[in-house]
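Geometric and topological summary
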Amino acid sequence: MLSNLKYNPHILIIILCLSINYCVIHNPNSTAQMETGSGNPLSMEKQLDKLFDFCVTNSQFSASVLIAHHGDIIYKKSFGMANIKEGIPINPLTNFNVASTTKPFTALGIALLSKKGKLHFDETVTTYLPDFPYESVTIRHLLTHTSGIPDYSHKPPFVMYHSAVINTRTEDKIFTSLDVLEWLIDVDLKPVFEPGSKMNYCNTGYVILALTIEQVSGKSYTEFITENILEPSGMDSSQIYTQGFENNIPGRALGYQSSRDRQSLILNDMNCLDGIHGDGGLYTSVEDLFKFDQALYTQLFFNEDIRLQIFSPHVMNDGQQKGYGLGWIISGYDDDTPTIVKHGGKWRGFTTAFQRLVEDSSSVIILCNSGLSGPTIGGIRDAATDILLGKELRYPKFPISDKIASVLYSEGADSAVAVFSDLHKNATERYFFDEHQLNIIGYNLMYDQRSDDAIKLLKANATAYPESANVYDSLGDAYSSIGDSLKAEEQYRKALLIDPELKHTAKKLSKIISG
């Protein structure tokens, strides 16, 4: 099966935003503690230099970084190119698409309207958008991802635009937020669960919140966020993307992704979903995002009551707390670790990490335009945070797929399989592994008419993850692509033995059996 994790950046957004325990590894050359602990910015800067030098050496790291300690910037550096073709380097004022890191801005916009008494968190959405087809869903449900409404980014027609590098300029249709609402009305899908009973990260909710801001304020989402958040924060160069005006965003970085052989970066910038607001769309720089970070410590936007609601974990119907407030992921609220509020983002070639240690006014901001995965930037973010906390320098893991793809395209599939098998046994402290990485390479090989090589890698994946139905389904697809129905049938049967609920696999098996 070509899992949604293959190409779906919104799924990657979920991985980036909701996973807490991204792995990092100890410095292989030294186990010494930091020189003088967290109170010494010079020592921190040296450790941060080591961390980001490691990132540049071991990946196609193209990013702008700003790290603050006790409200003071102690590290601000940029790496790579904002525009490769034009030879424009990244600098601290370069504007990146921060994807789902737009959500805290949308949530704050709702909070500002609440502060003015123009809406209430616990009113139903239909109070403000009468055509919204889920009558029991409240504004708070949308803010906390507990609404149960379907995620448009996983459904047709939107999902197809996550699967390839598509440039806006080649497309006739640019979707807007209203298209998402009209889709909700037309498809008439039942809620995934009762509102408030579960949490399921949902981009649709934040699109509906953007439309609610427009309805209640009488202004466009772009105008409201600009006038009420960006300008008061001093975020003078930041902008919400508006269709047709991408060339007017000052100092805009283009998005890129690694080539299949991992030897270069290729353009992966905009597509037809960029006209949708609320769940994404903000372009900003590390300097502007730091201004926003600092403004959140003041009374500029909200009183103490609203501040507590925004930065406190949501309480579910059953009384359990979930680590998401109003637009922010929250950790450390239920143990003795520092309280952290954060949000990440992943869209096209852009990846964002924005982490705030609220108890000592420290922050980590990493804006990347080279297609780093969620786990990768999460590991970098957490390693930088450890330095702020006076902990030992630890290096992030990088995806095994980068290593395997490099070997595959330079030495061939047999060498790639041998390297994967060895590293999967002996190098889990250096790379992070999951079944999806070789799956992606395998389907790319099938697409490139190299199904024999795909079979070799997917067989190795099945050996590494024998309990996964997905790997057998994918191997079945590879055999099917070369017309080997008997072996395809064998793999589909293995997948169904592990997970009998795989309807798509059952359909493929039935088609083979029926001839």
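Here, the structure is the one placed above.
To start, this report covers the structure provided alongside it. (Residues numbered from 1 in each chain as written. Predicted model: local features only at pLDDT ≥ 70, side-chain atom pairs only at ≥ 80, totals over all residues. Heavy atoms only, no water.)

1. Thoughts on the pairing of strand 3 (residues 72–79)
As paired elements, strand 2 (residues 63–69) and strand 3 share 7 bridges and run antiparallel to each other. Each residue of the ladder has a partner; that of L66, found in strand 3, is K76. In this structure, the hairpin formed by strand 2 and strand 3 is closed by a connection of 2 residues, where H70 is found at a positive phi of approximately 55°. (Pairing = 2+ DSSP bridges. Helix = DSSP H or I, 4+ residues; strand = E, 2+ residues; numbered from the N terminus.)

2. Some details on the nonpolar core
If you look at the biggest cluster of nonpolar residues, it comprises 82 residues, and the most contacted ones within it are L108, F132, L143, I208, F292, F301 and I310. Per-element accounting of this core gives the leading share, 8 residues, to helix 6 (residues 203–217). When residues no more than four places from it in sequence are discounted, the contact partners of F301 are L108, L112, K115, N228, I229, P232, S233, F292, A295 and L296. In this structure, A405, A413, Y443 and Y465 belong to the second largest nonpolar core, which totals 37 residues. (Core = buried A, V, L, I, M, F, W, Y, C linked by side-chain atoms within 4.5 Å. Buried < 20%, exposed > 50% of the residue type's maximum accessible area, 1.4 Å probe, protein only. Contact = heavy atoms within 4.5 Å.)

3. Comments concerning the packing of aromatic side chains
Two numbers describe a pair of aromatic rings. These are the distance of the centres and the angle of the planes. Counted under the stated rule, the structure contains 17 aromatic pairs. Where F54 meets Y395, the ring centres are 4.2 Å apart and the plane angle is 15°; that geometry is what we call stacked. Linking F54 in helix 2 (residues 41–58) with Y395 in strand 17 (residues 394–396), this pair joins segments that are 341 residues apart in sequence. By the burial criterion, F54 is buried, and Y395 matches it. A cation sits over an aromatic face here: R348 above W347, 5.5 Å from the ring centre. When the ring centre of Y297 is taken as reference, the NZ or CZ atom of R356 above it lies at 4.6 Å. (Phe/Tyr/Trp six-rings, centres within 6.5 Å; stacked < 30°, edge-to-face > 60°. Lys NZ or Arg CZ within 6 Å of the ring centre and 35° of its normal.)

4. Observations concerning the sheet that holds strand 14 (residues 340–347)
If you trace the 6 strands from one edge of the open sheet to the other, you get 3-2-16-15-14-13, paired in antiparallel fashion. The sheet is open, and its two borders are formed by strand 3 and strand 13 (329–331), each paired with just one other strand. The mean angle between the axes of side-by-side strands here comes to 10°, regardless of whether they run parallel or antiparallel. Strand contacts of helix 8 (residues 286–295): strand 2, strand 3, strand 15 (350–357) and strand 16 (362–368), with the helix running at about 150° to strand 16, the strand carrying the most contacts. (Axes fitted to C-alpha atoms, helices over the stretch in contact; angles between N-to-C directions.)

5. A short note on helix 13 (residues 435–447)
The first and last C-alpha atoms of helix 13 sit 19 Å apart over 13 residues, in line with the 18 Å expected at 1.5 Å per residue. Counting buried residues along helix 13, 10 of its 13 residues qualify, which places the element largely inside the surrounding structure. All buried positions along helix 13 are accounted for by E435, Q437, L438, N439, I441, G442, Y443, N444, L445 and M446. Turning to helix 13, the residues buried within the fold contact strand 18 (398–399), helix 11 (400–411), helix 12 (413–426), strand 19 (431–432), helix 14 (451–464) and helix 15 (469–481). (Expected span 1.5 Å × (residues − 1).)

6. Concerning the sheet that holds strand 6 (residues 96–97)
Strands belonging to one sheet form pairs held by backbone hydrogen bonds; the direction of such a pair is parallel or antiparallel. Spatially, 6-10-7 is the arrangement adopted by the 3 strands of the open sheet, whose pairing is antiparallel. With one partner strand each, in any of the chains shown, strand 6 and strand 7 (239–240) form the two edges of the open sheet. Two strands pair when backbone bridges link them, and strand 6 and strand 10 (residues 282–284) are joined in this way by 2 bridges, in the antiparallel orientation. By the bridge assignment for strand 10, F96 is matched with T284.

7. Quick look at the environment of T146
Tracing the backbone shows T146 in the loop between helix 4 (139–143) and helix 5 (177–187). Residue T146 is classed as buried on the basis of its relative accessible area, which comes to 0%. In this structure, the C-alpha to C-alpha distance between T146 and F193, residues 47 residues apart in sequence, is 8.7 Å. Beyond its immediate chain neighbours, meaning those up to four positions away, T146 contacts R140, H141, F193, E194, P195, G196, K198, M199, H314 and M316.

8. Digging into empty space enclosed by the protein
By the definition in use, this model includes 2 cavities of 30 Å³ or more. By volume, the second largest cavity amounts to about 40 Å³. In terms of lining, the second largest cavity is formed by P104, A107, L108, F292, L296, F302, I310, F311, L326 and W328. With 3 residues, helix 3 (residues 103–115) is the largest single contributor of residues to the lining of the second largest cavity. Within the lining of the second largest cavity, the residues separate by chemical class into 10 nonpolar, no polar and no charged. (1 Å grid on protein atoms, 1.4 Å probe; cavity = no way out; pocket = protein on both sides within 12 Å on 5 of 7 lines; lining within 4 Å. Points joined across faces, edges and corners; volume = space filled by probe spheres on them. Nonpolar A, V, L, I, M, F, W, Y, C, P; charged D, E, K, R; others polar.)

9. Some points on the packing of helix 14 against helix 15
Two numbers describe how helix 14 lies on helix 15: the axes approach to 9 Å, and their chain directions differ by 160°. It follows from the interaxial angle that helix 14 and helix 15 lie roughly antiparallel. For the pair helix 14 and helix 15, the sense of crossing is left-handed. Residues S451, I455, L458, K459, N461 and A462 of helix 14 lie in contact with helix 15, whose contacting residues are V471, Y472, S474, L475, A478, Y479 and S481. Across the contact of helix 14 with helix 15, the residue classes tally to 8 nonpolar, 4 polar and 1 charged. (Parallel < 35°, antiparallel > 145°, perpendicular 65-115°, else oblique. Left-handed = near helix turned anticlockwise from the far one by under 90°.)

10. Side note on the pattern of salt bridges
A complete count under the given rule lists 18 salt bridges for this structure. One salt bridge in this structure joins R140 and D122, with 2.7 Å as the shortest N-O distance. Pair noted here: R140 is in helix 4 and D122 is in the loop between helix 3 and helix 4, with a separation of 18 residues, a long-range link. Judged by relative accessible area, D122 falls into the exposed class, the value being 52%. A salt bridge links D269 to R252, with the nearest nitrogen and oxygen atoms 3.0 Å apart. Taken as a pair, D269 in the loop between strand 9 (265–267) and strand 10 and R252 in the loop between strand 7 and strand 8 (256–258) lie far apart in primary sequence, 17 residues in all. (Salt bridge = Lys/Arg side-chain N within 4 Å of Asp/Glu carboxyl O.)

11. Let's talk about the pairing of strand 15
Burial analysis of strand 15 places 8 of its 8 residues in the buried class, the great majority of the element. Neither face of strand 15 is left uncovered, since the one carrying F350, T352, F354 and R356 and the one carrying T351, A353, Q355 and L357 both have all their residues buried. In this structure, the hairpin formed by strand 14 and strand 15 is closed by a connection of 2 residues, where R348 is found at a positive phi of approximately 50°. Here strand 15 runs beside strand 16; their pairing, made up of 7 bridges, is antiparallel. Residue pairing for strand 16: T352 is matched across the bridge by L367. As consecutive antiparallel partners, strand 15 and strand 16 are separated by 4 residues, and within that stretch S361 has a phi angle of approximately 55°, a positive value.

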